[in-house]
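Results of the structural survey
These are the residues of each chain, in order.
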Amino acid sequence: SLPFEQGMVKTPHTMSCSISAPEIHIIRKRVKYFGATLNDLIMAAYAWQLYALTGCSHFYLPCPVDLRRFIENEKGYSVANLTGNYLCPISIAPGMAFEDLLEQVHESMSQLKKDRAYLYQLPLLHNLRWLLPPSTFLKQLGANGCFLPVTYSNIGVLDDERFSFPGTVMERVSLSGAYKPTPTFQLAVSTFRGTCTFSTNMIGTDTDAQIAGRILHGVKETVESIG
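Since the structure is predicted, the reported quantities are computational estimates derived from the model, not experimental observations.

**A short note on the overall build of the protein**
Each helix and strand counted, the protein has 6 helices and 7 strands in total. What you see for the protein is a C-alpha radius of gyration of 19 Å, in line with the 17 Å of a compact globule of 227 residues. Burial analysis of the protein (227 residues in total) assigns 38% to the buried set. A sequence separation of at least 24 residues applies to 70% of the contacts in the protein between residues at least 6 apart. Put simply, the protein shows about 13700 Å² of open surface, and 55% of that area lies on carbon and sulfur atoms.

As structure tokens, this is what we get:
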């Protein structure tokens, strides 16, 4: 858990910082040289900041995965949370170079994708749904659900041709997650016209907001350092 204040008056805070499109273009080329992806780089930078802030060297970092590609009728509409998660193991040793962590994250994510690790719970849930009464099923989900205090959401690239409002010129757009009360924390990433934005919505104290701001800018600076 992050060192947020407890039992204090909490208010909503929204924070963000961005890397320009030209910078991201250079960073993409540089990270490709390391054989990794931009998402691998952002996750590694996030893990690097969490380690620096907490001293925790072994933890799991969740990475969302879009499950819509498994829908049979791709043109259909639905209201559902079609998001799964990879749980990427992070292990940081004293004196470890950031490039080594980046390689570790890339290898772990490549293996998780190859194993389709985001699907392993679905057959079990499907079978239990028919074996247990709805009330019991929901209680079991709540009792055995995996709660992670620190999360990550890469919302992806926003289509500037489809994301528009009549009569309005879109200059800067970013999407973030729900307001999360401390001690939980979520880093959200979105890209619009090449500009990559790191953001968070949180409910906490002013000191908590300062900590969150350090994380965001730390991730930004670490990502930029690879370029």
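What follows picks up the thread again.
**Points about a negative patch on the surface**
Taken together, the side chains of Glu99, Asp100, Glu103 and Glu107 define an acidic patch exposed on the protein surface. Its relative accessible area of 45% is what places Glu103 among the partly exposed residues.

**Considering the pattern of salt bridges**
Counted under the stated rule, the structure contains 2 salt bridges. The residue Arg193 makes a salt bridge to Asp160 at a minimum N-O spacing of 3.3 Å. Linking Arg193 in the loop between strand S6 (185–192) and strand S7 (195–204) with Asp160 in the loop between strand S4 (150–158) and strand S5 (180–181), this pair joins segments that are 33 residues apart in sequence. The salt bridge partner of Glu224 is Lys220, with a shortest N-O separation of 2.9 Å. One end of the pair is Glu224 and the other is Lys220, both in helix H6 (residues 206–225) and 4 residues apart, which spans about a single turn.

**Considerations on the packing of aromatic side chains**
In this structure the tally under the stated criterion is 5 aromatic pairs. On the numbers, 6.4 Å between centres and 40° between planes, the contact of Phe4 with Phe185 is tilted. Remark: Phe185 occurs in strand S6 and Phe4 occurs in the segment before strand S1 (11–19); sequence separation between them is 181 residues. Judged on exposure class, the residue Phe4 and its partner Phe185 are both buried.

**Regarding the packing of helix H2 (residues 38–54) against helix H3 (residues 98–114)**
Each pair of packed helices can be described by the angle between their axes along with the distance between the axes. Packing of H2 against H3 brings their axes to within 9 Å, and their N-to-C directions diverge by 125°. As the angle between them shows, H2 and H3 are arranged oblique. Seen from above, H2 lies across H3 with right-handed handedness. Every residue of H3 that contacts H2 at Asp40, Leu41, Met43, Ala44, Ala45, Ala47 and Trp48 is listed here: Phe98, Leu101, Leu102, Val105, His106 and Met109. Residue classes in the contact of H2 with H3 are distributed as 11 nonpolar, 1 polar and 1 charged.

Thresholds applied
- Residues numbered from 1 in each chain as written.
- Predicted model: local features only at pLDDT ≥ 70, side-chain atom pairs only at ≥ 80, totals over all residues.
- Heavy atoms only, no water.
- Helix = DSSP H or I, 4+ residues; strand = E, 2+ residues; numbered from the N terminus.
- Rg over C-alpha atoms; globule rule 2.2 N^0.38 Å.
- Buried < 20%, exposed > 50% of the residue type's maximum accessible area, 1.4 Å probe, protein only.
- Contact = heavy atoms within 4.5 Å.
- Areas by Shrake-Rupley, 256 points an atom, 1.4 Å probe, with all protein chains shown as cover.
- Patch = residues over 30% accessible without salt bridge, like charges linked within 9 Å, V, L, I, M, F, W, Y side chains within 5 Å.
- Salt bridge = Lys/Arg side-chain N within 4 Å of Asp/Glu carboxyl O.
- Lys, Arg positive; Asp, Glu negative; His and termini not counted.
- Charge placed at Lys NZ, Arg CZ, Asp CG, Glu CD.
- Phe/Tyr/Trp six-rings, centres within 6.5 Å; stacked < 30°, edge-to-face > 60°.
- Axes fitted to C-alpha atoms, helices over the stretch in contact; angles between N-to-C directions.
- Parallel < 35°, antiparallel > 145°, perpendicular 65-115°, else oblique.
- Left-handed = near helix turned anticlockwise from the far one by under 90°.
- Nonpolar A, V, L, I, M, F, W, Y, C, P; charged D, E, K, R; others polar.

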